Each structure stands twice: as structure tokens, then as C-alpha cells.
Amino acid sequence: MTVLPTLRAELAAATDRFIATAAELDDADIAAPSLLPGWSRGHVITHVARNADGLGNLLTWARTGVETPQYPDPGRRAADIEAGAARPAAEQRADLVDSAARLAAAVESLPEAAWSARVAALRPPPHPAWYVLVRRLRELELHHVDLDAGYTPADWPAAFVRRELHDTLTCWPYGESTVGGIVFTEPVDEWSDLGKGPVVRGEAREVLAWLTGRSAGQGIRVVREEPGAPREEVPPPPPWLTMPSPADLPSAPPDTYPEESP
């Protein structure tokens, strides 16, 4: 048994949640701004649909051994999103559903050995095909929040939060860190020696939202070690570097990801 059944189940649930939210949006809602600067909700939904097709290309690469880029080039990716953003809500929903179904079919039909094949996105490093599922979950959960339609970081599943925090720490930009450490209050944990800057604390979902730019730091507090020390403002988060993947991932799908503590 590997992590693949768990990731597939998470992916199916996250896809259903995203589609259910999109189904509640009418044409005016689709045209309204999202939480991403310069993007409407239509941009976000179109991006999620095209991301499904792009990740499907990577699974084709894994299955056939023929290099199949996620996107032909960055310009084409941006053009496709812009071209689809203004479509009516019904057309957006149909595209979202159809693209998700194509990706689901590619996932279900991929031979076991192909999950260990190395593929490469627009940004390095290359990664094994099984990590495509992690990347798709990241797209769905972060962009679901970006829709600004009722889904917030408080709704993120605990397994998603744990995995994304693991990958964030694995890719931590020590030379550009804005904090020296992070204390987690729920669940209890601590990251230390991250670089220069204050130590901050918060719940896991609050920290992940802040690190990924999905909050301005709500719930994050600077830890003051000395009574009466002047109040410090929460610093901006360091550059977020977990996309597309951490380096040195195992080639074969692991039993769990991240590995569970003994």
C-alpha cells in the first residue's frame, strides 16, 4: 500500500468542493474580482481548468516516456487563461468539470510503474509523477480560497495543511527568511533556526495561509521573550518556494507523504 489511494481520495473530495463552489456563481459573480490581484473569479476557474489539462500532460509523459510539457510555453499559459476568463458561468463550470474528469481518467489509468517516472513543469526541479497529485491538491485548495466565495483557510483539511507545511519547510528560503522561527500552537510544534527575524506563532492553518499569501497575517503574533519589550509588527512572509516541488523526493510513491512520525 502506498500514499496513492489517500491522495486520490483527497483529490476527488477537493475537486468536488471546488466544483460545488463554482456551481453557485452566476455570470456577475464570475466577472467579480478574486483575491488574486488583477484576476477575476473567471481567471481563477479557467486557470484551475487549464492546470488540470497541464498536469494531465505530465501524466501522459510519465505513461509514454515521450516528453510532454505541462504547457507549451509560459506565454501560451497566460493567453489561455486570459481568453477563458470572461466566459459565461455555465461555460466555465462545464470546462471545469470536463477538465477535472480528464485528469481523473489519466490518474486512474496510469500504470503502477509510471508513477515513478520523472517529469518536469515550467519551473524546476523535475519530480516523480506521483507528486502531480500533491501539486493538483495544492492548486485546488489555494485557489478555492482565492475565489473569495466562502471557502477560507479555516476549511483546509488537516492532511493538506500538514503536507504543505512539510514541503514549505523542506524548501525554506533561509537566505531570504523574514523570521527566525515559528511556534505552532495547534498542533504543537516549532521550527527554529530559520534565519534572521523575530519568532512568530500561530495555528497551523493560520501560518500556512500567511506563508502562501492567503492572509495578511491574521492570527500570527510575534513572540516577545522579555516582559515589557516593544511590540513588534508581524513581518511579511518569506518568499514561498514549494512550487512546483521539493528536491530529492523519493522516486517511488512512499507509504505516506509526508512520513508519519513513529
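Note: the structure precedes this text.
Quantities reported herein were computed from a predicted structural model and do not represent experimental measurements. Sequence positions are assigned chain by chain, starting from 1 and proceeding in written order. For this predicted model, a pLDDT threshold of at least 70 governs which residues receive local features, and a threshold of 80 or more governs which side-chain atom pairs are given and counted, while totals over whole chains, interfaces and linings are taken from all residues. Each side-chain value is worked out from all heavy atoms of the structure, with water and hydrogens disregarded.

Novice: Sorry if this is basic, but what is going on with the overall build of the protein chain here?
Specialist: Here a strand is any run of E in DSSP of at least two residues, a helix any run of H or I of at least four, and the numbering for each starts at the N terminus. Check the secondary structure of the protein chain and you find eight helices and six strands. Its helices and strands taken in sequence order, the protein chain reads α-α-α-α-α-β-β-α-α-β-β-β-α-β from the N to the C terminus. Every radius of gyration here is taken over C-alpha atoms, with the globule rule written as 2.2 Å times N^0.38, N being the number of residues. Scaling as 2.2 N^0.38, a compact globule of 262 residues should have a C-alpha radius of gyration of about 18 Å, and the protein chain matches this with 19 Å. Across its three principal directions, the C-alpha atoms of the protein chain cover 60 × 45 × 30 Å. Throughout, exposure labels follow a simple rule: accessible area from a 1.4 Å probe, protein chains only, divided by the maximum for the residue type, with under 20% read as buried, over 50% as exposed, and the rest as partly exposed. Looking at the 262 residues of the protein chain, the share that counts as buried comes to 47%. In the protein chain, of all internal contacts separated by at least 6 residues, the share reaching a separation of at least 24 is 63%. When the accessible area of the protein chain is evaluated, it comes to approximately 12600 Å², of which 54% is carbon and sulfur surface. Across the protein chain, the 24 positively charged side chains and the 38 negatively charged ones have centroids separated by 2 Å. The contact criterion used throughout is that any non-hydrogen atoms of two residues lie within 4.5 Å. Calculation of accessible area relied on Shrake-Rupley with a 1.4 Å probe; when residues are assessed, cover is drawn exclusively from the protein chains displayed. Here Asp and Glu are counted as negative and Lys and Arg as positive; His is not counted, and neither are the chain ends. Every charge is mapped onto a representative atom, which is NZ of Lys, CZ of Arg, CG of Asp or CD of Glu.

Novice: Looking at this model, I keep getting lost on the packing of helix 1 (residues 4–23) against helix 5 (residues 89–109). Mind explaining?
Specialist: Angle between the axes and distance between the axes: these two values describe a pair of packed helices. Two elements in contact, helix 1 and helix 5, have axes separated by 10 Å at closest approach and are oriented at 175°. With respect to helix 5, the axis of helix 1 lies roughly antiparallel. Each of Arg8, Thr15, Phe18, Ile19, Ala22 and Ala23 in helix 1 lies in contact with helix 5, whose residues at this interface are Arg93, Leu96, Val97, Ala100, Val107 and Glu108. Among the residues forming the contact of helix 1 with helix 5, the class breakdown is eight nonpolar, one polar and three charged. Axis definition: a line fit to C-alpha positions, over the contact stretch in the case of helices; interaxial angles, taken between N-to-C directions, run 0 to 180 degrees. Between 65 and 115 degrees an angle is taken as roughly perpendicular, under 35 as roughly parallel, over 145 as roughly antiparallel, and anywhere else as oblique. Gly falls in the polar group here, along with every residue not listed as nonpolar (Ala, Val, Leu, Ile, Met, Phe, Trp, Tyr, Cys, Pro) or charged (Asp, Glu, Lys, Arg).

Novice: Help me understand the pattern of salt bridges, please; the structure alone is not making it clear to me.
Specialist: For side chains bearing opposite charge, pairing can occur when the charged atoms are close. For this analysis, a salt bridge means a side-chain nitrogen from Lys or Arg found within 4 Å of a carboxyl oxygen belonging to Asp or Glu. Evaluated as defined, the whole model comprises ten salt bridges. In this structure, Arg17 engages Glu141 in a salt bridge whose closest nitrogen and oxygen atoms are separated by 2.6 Å. Within this pair, whereas Arg17 is found in helix 1, its partner Glu141 is found in helix 6 (residues 131–146), the two being separated by 124 residues in sequence. Using a relative accessible area of 2% as the deciding quantity, one classes Glu141 as buried. Bridged by salt links that share partners, the residues Arg50, Asp53, Arg87, Asp95 and Arg102 form one connected network.

Novice: Looking at this structure, how should I read the sheet that holds strand 3 (residues 181–185)?
Specialist: A pair of strands counts as paired when DSSP detects no fewer than two bridges linking them. Strand order in this open sheet of four strands is 4-3-5-6, and the pairing throughout is mixed. Unpaired on one side and paired on the other, strand 4 (188–191) and strand 6 (221–222) mark the two borders of the sheet. Across four bridges, strand 3 lies against strand 5 (residues 199–202) in parallel orientation. Counterpart to Gly181 in the pairing with strand 5 is Val199. Contacts from helix 8 (residues 204–211) reach strand 3, strand 4 and strand 5 within the one sheet, and its direction differs from that of strand 3 by about 140°.

Novice: Help me understand helix 7 (residues 158–170) in this model?
Specialist: Here the expected span of a helix is defined as 1.5 Å times the quantity of residues minus one. The terminal C-alpha atoms of helix 7, which comprises 13 residues, lie 18 Å apart, in line with the 18 Å expected from a rise of 1.5 Å per residue. Listed as buried for helix 7 are Phe160, Val161, Arg163, Glu164, Leu165, Asp167 and Thr168. Summarising the contacts, the buried residues of helix 7 are in contact with helix 1, helix 6, strand 3, strand 4 and helix 8.

Novice: Hey, could you run me through the packing of aromatic side chains in this one?
Specialist: Two aromatic rings are characterised by how far apart their centres lie and by the angle between their planes. The rule is short: rings of Phe, Tyr and Trp, with Trp giving its six-membered ring, pair when the centres are within 6.5 Å, and they are stacked under 30 degrees, edge-to-face over 60, tilted in between. Tallied over the entire structure, the rule returns six aromatic pairs. The interplanar angle of 75° and the centroid separation of 5.9 Å between the aromatic rings of Trp172 and Trp191 together place this pair among those described as edge-to-face. Taken together, the residues Trp172 in the loop between helix 7 and strand 3 and Trp191 in strand 4 connect sequence positions 19 residues apart. By the burial criterion, Trp172 is buried, and Trp191 matches it. With a centroid separation of 5.0 Å and 65° between ring planes, the pair formed by Phe184 and Trp191 is classed as edge-to-face. According to the relative accessible area criterion, Phe184 is buried, its value standing at 3%. Through successive ring pairs, a cluster of aromatic residues spans Trp130, Tyr131 and Tyr257. Whether a charge sits over a ring depends on NZ of Lys or CZ of Arg being within 6 Å of the ring centre and within 35 degrees of the ring normal. Between the NZ or CZ atom of Arg77 and the centre of the ring of Tyr71, over which it lies, the distance is 5.7 Å.

Novice: How should the pairing of strand 3 be read in this particular structure?
Specialist: Remember that side chains alternate between the two faces of the sheet whenever the strand is regular. Where strand 3 and strand 4 come together, four bridges link them in antiparallel fashion. Bridge pairing links Ile182 to Trp191 in strand 4. Linking strand 3 to strand 4, which pair antiparallel, is a turn of two residues.

Distances and angles like these do not, on their own, reveal function.
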